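Take a look at the letters that make up each chain.
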Amino acid sequence: MQGKMMNQPLIVSSILEHAERYHGDTEIVSQTVEGPIHRYTYAEAHKRSKQAANALLKLGADTGSRIATLAWNNFRHFELYYAISGIGAITHTVNPRLFPEQVSWIVNDAEDQILCFDTSFSTLIESIAPQCPSVKYWIAMTNRDHMPDIRVPNLVCYEDLIASESEEFTWPRLDENSASSLCYTSGTTGNPKGVLYSHRSTLLHALSSALPDAMNLSGRDVVLPVVPMFHVNAWGLPYTAPLVGAKLVFPGDGMDGESLYQLFESEGVTFSAGVPTVWLGVLQHLRNSGSKLSTVERMIVGGAACPPALMQSFRDEYGITIQHAWGMTELSPLGTVNTPKSKHLGLDDEERFKLDIKQGRPPFGIDLKIVDDNGNELPRDGQTSGDLLVRGYWVIDQYYNKDDSPLVDGWFPTGDVANQDKDGYLQITDRSKDVIKSGGEWISSIELENIAMSHAAVSEAAALGLSHDKWDERPLLVVVRKAGQDVSREEILAHYQGKVAKFCIPEDVIFVDEIPHTATGKVSKVTLRKQLSDYRWPAPK
Ligand code: AMP
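Residues numbered from 1 in each chain as written. Predicted model: local features only at pLDDT ≥ 70, side-chain atom pairs only at ≥ 80, totals over all residues. Heavy atoms only, no water.

A.B. asks: Before we go on, may I ask you to explain helix α11 (residues 276-289) in this structure?
C.D. replies: Because an α-helix completes one turn every 3.6 residues, residues spaced three or four positions apart along the sequence face the same direction. The terminal C-alpha atoms of α11, which comprises 14 residues, lie 20 Å apart, in line with the 20 Å expected from a rise of 1.5 Å per residue. Along α11, the residues classified as buried are Pro276, Val278, Trp279, Val282, Leu283, His285 and Leu286. Taken together, the buried residues of α11 touch α10 (257-267), β12 (271-274), β13 (298-301), α12 (308-318) and β14 (321-327). Gly290 occupies a position one or two residues after α11 and carries a positive phi of about 70°. (Helix = DSSP H or I, 4+ residues; strand = E, 2+ residues; numbered from the N terminus. Expected span 1.5 Å × (residues − 1). Buried < 20%, exposed > 50% of the residue type's maximum accessible area, 1.4 Å probe, protein only. Contact = heavy atoms within 4.5 Å.)

A.B. asks: Where do I start with the site of the ligand in this structure?
C.D. replies: Surveying the vicinity of the ligand reveals 15 residues, the closest of which are Ala325, Thr329, Gln359, Asp416 and Arg431. The contact in question runs from a nitrogen atom of the ligand to an N or O atom on the side chain of His324, over 3.1 Å. Here a nitrogen atom of the ligand and a backbone polar atom of Ala325 are 2.7 Å apart. Within the complex, the protein chains bury 92% of what would otherwise be the 500 Å² of accessible surface of the ligand. Looking at the shell around the ligand element by element, the count peaks at 4 residues for β14. A class-by-class count of the residues in the shell around the ligand yields 5 nonpolar, 7 polar and 3 charged. (Near = heavy atom within 4 Å. Polar contact = N/O pair within 3.5 Å; in protein donor to acceptor, adjacent residues only side chain to side chain. Areas by Shrake-Rupley, 256 points an atom, 1.4 Å probe, with all protein chains shown as cover. Nonpolar A, V, L, I, M, F, W, Y, C, P; charged D, E, K, R; others polar.)

A.B. asks: What's the story with the packing of aromatic side chains in this structure? I'm lost.
C.D. replies: Aromatic rings considered in pairs are described by the distance between their centres and by the relative angle of their planes. Taken as a whole and assessed by the stated rule, the structure comprises 13 aromatic pairs. On the numbers, 6.2 Å between centres and 45° between planes, the contact of Tyr42 with Phe78 is tilted. Remark: Phe78 occurs in helix α3 (residues 75-86) and Tyr42 occurs in helix α2 (residues 42-58); sequence separation between them is 36 residues. Among the residues examined, Phe78 registers a relative accessible area of 0% and is labelled buried. (Phe/Tyr/Trp six-rings, centres within 6.5 Å; stacked < 30°, edge-to-face > 60°.)

A.B. asks: So what exactly am I meant to see when it comes to the domain arrangement of the protein here?
C.D. replies: A common way to state how big an interface is: give the accessible area lost once the parts meet. Each assigned domain of the protein is listed here: domain 1 (13-254) and domain 2 (435-531). The gap between the C-alpha centroids of domain 1 and domain 2 is 38 Å. Counting residues at the interface gives 6 residues for domain 1 and 4 residues for domain 2. Each partner contributes to the roughly 510 Å² buried at the junction of domain 1 and domain 2, and carbon and sulfur atoms together form 69% of this total. The interface formed by domain 1 and domain 2 includes 0 salt bridges. Counting across the interface, domain 1 meets domain 2 through 0 residue pairs in polar contact (both at pLDDT 80 or more). Grouping the constituent residues of the side of domain 1 that touches domain 2 by class yields 1 nonpolar, 4 polar and 1 charged. (Domains from an automatic or database assignment. Buried area = accessible area lost by both parts, 1.4 Å probe. Salt bridge = Lys/Arg side-chain N within 4 Å of Asp/Glu carboxyl O.)

Right, here's the structure in full:
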């Protein structure tokens, strides 16, 4: 017997419809590419999104058309998210930090039909346009006064395009399993792979992300996503914020500590999310300027392991909780968030901190397991590490344009190595390709990096396993010193005494001016390995 309840498809356009009807006067504030701060409301954003939908249809966009965006976090990008997915086309967010060849490779793989770009990327657009034959229109996301002077066929001005369009549009009742957006993985190994989200997965992800033990968002929040809309849909915040009616603040390209601080204070931001480097920048600004954040209550850190020292500094110096989260492009991206249970509230500071630095536990909708090399599930004892597998409502089934499935017995192998405790709190100990295996024992590169980062003179550190005649592999620590600080190899090595087993202490330490990063802000161990290809271990004493 079937239930006798309405069968309304879970589609992205319903979020903005809801935001207009019930939070119509809530603001969206943007740092624009043109300079000034722009502000309007969910009601106005919905109207302009409908104008953009009418315009895209006239340009020939159809169900399933891929329409790319190459843009910062701002109001026009937000409108396009909804306009494109709302008409049944696919919002393909492209990461502008990639090399031009990678951008054109991705645009060609996706066969994008239209590409919408912020004018900061005009030079990049001019250079890739001849290599992207599928793109029929290039839409500059600006007004007539700020149109770039570039030679690109069918260059269109976004504001002109939508100005004459009707504000009336009825969003089609799409199949909830149809594709809504596309995002490519950062591709540290091999070519990037496309992850094709559905309306249903996006909506369920947004609903679960808002839960109290996940991002805990409500109509009383002011949300500033630092994480870019071109990287896993800004962790879903452009969907979750309107779904709960939170005010949205978009930082544009101003992701340095000072610019973020100004926006946090002027807009009364209560919640923000970003990668560790962003929070290091904010921390540095607070320390240098002697300022305090007066409205921020919660910050989510993810995308890479949060150095415990960073979490501690925000807590002790500024009374702000940084919540650790873990996710992946293939997971839309939310996998886990760290929130305590009531039984943890009585823990002493040290025990509580041990819990807080873990990556957290999954919200409803995600299931995790840790397995050994033969696929057997390992005990949830908070100790035993193995390969992390995941399944759930917003987890990938198949990559875009690929026939084979990445799944193993219905689970997605994440490539991360982790342990889980009896309450399900996850602790990522490594990437399977980054683990260091020394004399048959595993050494966690993340642990070595965290210890290095807790040294007062260290700004950034990366641990690499390099081949070693005797031990198979040994850890090499690469360190960037803080400006004006001096610290020696011996002092760094001494810092490890008593913190890890002797065999885990790095074999050697080298100092560099800069550690290479991928386009999504992670340490690029591939590039670092290439840079260190001539490195040789010191002769044994
Ligand atoms: P991406 O798909 O670019 O978001 O990268 C996902 C990968 O980033 C994961 O598989 C992890 O290796 C890493 N990652 C994300 N969040 C964390 C975290 N909180 N701690 C450690 N690694 C993380």
